[in-house]
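Working through the structure, step by step
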Amino acid sequence: MKISENKKRSDSTLEFIVMLDSRDLTIDFNEIYDIYSKDVEIKGFRAGKAPRLMTIEKLGSNFLSSKLLDHSLQKSFSELVKKHQIKAVSQPKISITKWVFDAFTENSENNILEYKIEIAIFPEGKLKDYKKLKINKKLFGDISVSNKDVDTVLEQLRKQRAHHHIVSRKSKTGDMIELNFVGKIKGVPQEKMTSSNHPLVLGSKTMVPGFEANLVGLKKGDKKEFSVIFPKDYYAPELKNQNVQFDVEILEVKEVELPDLDDKFASNFGHGKIENLISAIRKSINDEKIEQKTHKIETEIINTLLKNFKVSISPIMIEEEQRRLLEQLKEKVEKQGLGFENYLKMSGKVETEVEGELKNQAKQNIEVGLLLGEVAKIEKIKGKPENIGKNTLDKLI
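Residues numbered from 1 in each chain as written. Predicted model: local features only at pLDDT ≥ 70, side-chain atom pairs only at ≥ 80, totals over all residues. Heavy atoms only, no water.

Considerations on the sheet that holds strand β1 (residues 2-8)
Our working definition: Pairing between strands is defined by DSSP: at least two bridges between them are needed. Secondary structure follows DSSP: runs of H or I at least 4 residues long count as helices, runs of E at least 2 residues long count as strands, and numbering of each begins at the N terminus. The axes are straight lines fitted to the C-alpha atoms, using for helices just the contacting stretch, and the angles between their N-to-C directions are given from 0 to 180°.
Taken together, the four strands give an open sheet; going across it, the order is β1-β2-β4-β3, and neighbouring strands pair in antiparallel fashion. Edge positions in the sheet fall to β1 and β3 (93-100), since each has one partner strand and no second. Adjacent strand axes in the sheet meet at a mean angle of 10 degrees, parallel and antiparallel pairs treated alike. Two elements, strand β2 (residues 13-20) and strand β4 (residues 112-120), share eight bridges in a ladder whose sense is antiparallel.

Examining the side chain of T55
Let me state the cut-off plainly: By definition, residues are in contact when any of their heavy atoms lie within 4.5 Å.
Checked against the element boundaries, T55 lands in helix α2 (residues 52-59). When sequence neighbours within four positions are dropped, the list of residues in contact with T55 reads Y33, S37, V40, I42 and A50.

Structural notes on the pattern of salt bridges
Inclusion rule: A side-chain nitrogen of Lys or Arg and a carboxyl oxygen of Asp or Glu constitute a salt bridge if their distance falls within 4 Å.
All chains considered together, the criterion is met by 22 salt bridges. Across the pair K219 and D222 runs a salt bridge whose closest N-O atoms are separated by 3.9 Å. A salt bridge links K220 to E252, with the shortest nitrogen-to-oxygen separation between them at 3.7 Å. Of this pair, K220 sits in the loop between β8 (188-201) and β9 (223-229) while E252 sits in strand β10 (residues 243-257); the two residues are 32 residues apart in sequence, bridging distant segments of the chain.

Section: the packing of aromatic side chains
Each pair of aromatic rings is reported with the distance of its centres and the angle of its planes. The condition that has to hold: Any two rings among Phe, Tyr and Trp, with Trp reduced to its six-membered ring, count as a pair given centres within 6.5 Å; such a pair is stacked if its planes are under 30 degrees apart, edge-to-face if over 60, and tilted if neither. The buried label goes to any residue with under 20% of its type's maximum accessible area, the exposed label to any with over 50%, and the partly exposed label to all in between, with areas taken from a 1.4 Å probe on protein chains only.
Per the counting criterion, the structure on display carries 12 aromatic pairs. A centroid spacing of 5.0 Å and a plane angle of 80 degrees characterise the contact between F211 and F246, whose relative ring orientation is edge-to-face. With F211 in the loop between β8 and β9 and F246 in strand β10, the pair connects residues that are 35 residues apart, well separated along the chain. Look at F211 and you get buried, because its relative accessible area is 0%. Judged by relative accessible area, F246 falls into the buried class, the value being 3%. When the ring of F226 is compared with that of F246, the centres are 5.8 Å apart and the planes differ by 35 degrees; the resulting orientation is tilted. Of the two residues, F226 sits in strand β9 while F246 sits in strand β10, which places them 20 residues apart along the sequence. The burial state of F226 is the same as that of F246; both residues are buried.

Focus: the pairing of strand β7 (residues 176-185)
Residues I177, L179, F181, G183 and I185 point to one face of β7 and are all buried, whereas M176, E178, N180, V182 and K184, pointing to the other face, are not buried. With nine bridges joining them, β7 and β8 adopt antiparallel strand pairing. Counted as the bridge partner of L179 is H198 from β8. Counted along the chain from β7 to the antiparallel partner β8, the turn is two residues long, and its residue K186 has a positive phi close to 55 degrees.

Describing the pairing of β1
Bridge count for β1 against β2 is six bridges, and the pairing is antiparallel. Bridging from a neighbouring strand, K7 pairs with E15 of β2. Adjacent in sequence and paired antiparallel, β1 and β2 are bridged by four residues, among which S12 carries a positive phi angle near 60 degrees.

Concerning the packing of helix α10 (residues 359-379) against helix α11 (residues 385-396)
To keep it simple, the criterion reads: Geometric relationships in this document are graded by angle, where less than 35 degrees denotes roughly parallel, more than 145 denotes roughly antiparallel, 65 to 115 denotes roughly perpendicular, and other angles denote oblique. Note on convention: near helix rotated counterclockwise from far helix by under a right angle means a left-handed crossing. Clockwise means right-handed.
Where α10 meets α11, the axes come as close as 9 Å, and the angle between the chain directions of the two elements is 70 degrees. Viewed along their axes, α10 and α11 adopt a mutual orientation that is roughly perpendicular. Seen from above, α10 lies across α11 with left-handed handedness. Residue-level contacts link L372, V375, A376 and E379 of α10 to I388, G389, T392, L393, K395 and L396 of α11.

Overview of helix α7 (residues 315-335)
Along an α-helix, residues three or four positions apart point the same way, because every turn accommodates 3.6 residues. Just so we agree on the cut-off: Multiply 1.5 Å by the residue count of a helix minus one, and that product is the helix's expected span.
Here α7 contains 21 residues, and its C-alpha end-to-end distance of 30 Å stays within 8% of the 30 Å for a straight helix at 1.5 Å per residue. Taken together, the buried positions of α7 are occupied by I316, M317, I318, E321, Q322, L325, L326, L329, K330 and V333. On its buried face, α7 is in contact with β2, β3, β4, α8 (340-347), α9 (351-357) and α10. Of the residues trailing α7, G337 is marked for its positive phi of about 80 degrees.

Shape descriptors only; they carry no functional weight alone.
So, in structure tokens, the structure goes:
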């Protein structure tokens, strides 16, 4: 193995040009041949004992060349890392510039593998004196839970336990209706805006603005046509500012009866008394506000420190984090039952666009990790790797 170029870039990346000649490849090929030839059965010979050329022909020159390429890349990379004492922080980026190998003429002088390899190494950051930085004192203010906060939660719980009674009257705000609807653009039905037996509480504002208002006053069996102009900031690009015509049919109108706030109601949530339920809600809101406050303080501290933290990160490291975030997004979308392909259709994007949009987040994730690691080193914070980040933030707060 020969290294014709060795360069350390300013973005925490090492760059090498590696060349394996015919002799190197012959050694590697013999290792590959020994692995795959031992089980080859050819009529007239014991398994693995047929002549070399017959065995190569049986296995296939292309198959062996492919296995050799993988083996030689992995082997030479390991030797490179060991020789130069490199601590790679992600998978390397390899670009093959020359690759010639014929399994039938394995000793040919023409056989060669040459490739460029880029290896991300741990970035070295510089952090200014962070102990003199000022944090917005308003973030450290007292937390309070108002009666309105509690009432909002109680109302949500009442809606969860509501009873629905079918009525023959016209619908009004607060009623639950069941309907079929078809949305059209220039007369063409749109799958995304079509639904059957769709439940909807009038006034819930879960549909596009203007849609629910057109349903108030309708009763079971009524049909109606109306148009709605979608907002310019609508999440689906293809529907922004679009004039959509809806055909709707009301299948059912139900009056919503909310339960009284009494001890019986409280027992549904594991509390014998309504006072106990209210106390539990107040405590839960308080805990949530504390968590939100802590998160805001942490975010403020990190953002302030990042402005005083200089670090150059390898693009390879950022790309790897982008892919991790993309996989995370896919899992999240799948758990929601949407499916990633449908998510892409709804957003009007292709996968590469979504991955590209994650670049800034990926870069910041790495920066934050490096930043907290630097502070932990200065403050001599120890512990399990997964806890050091939190322990460091606790120290800063």
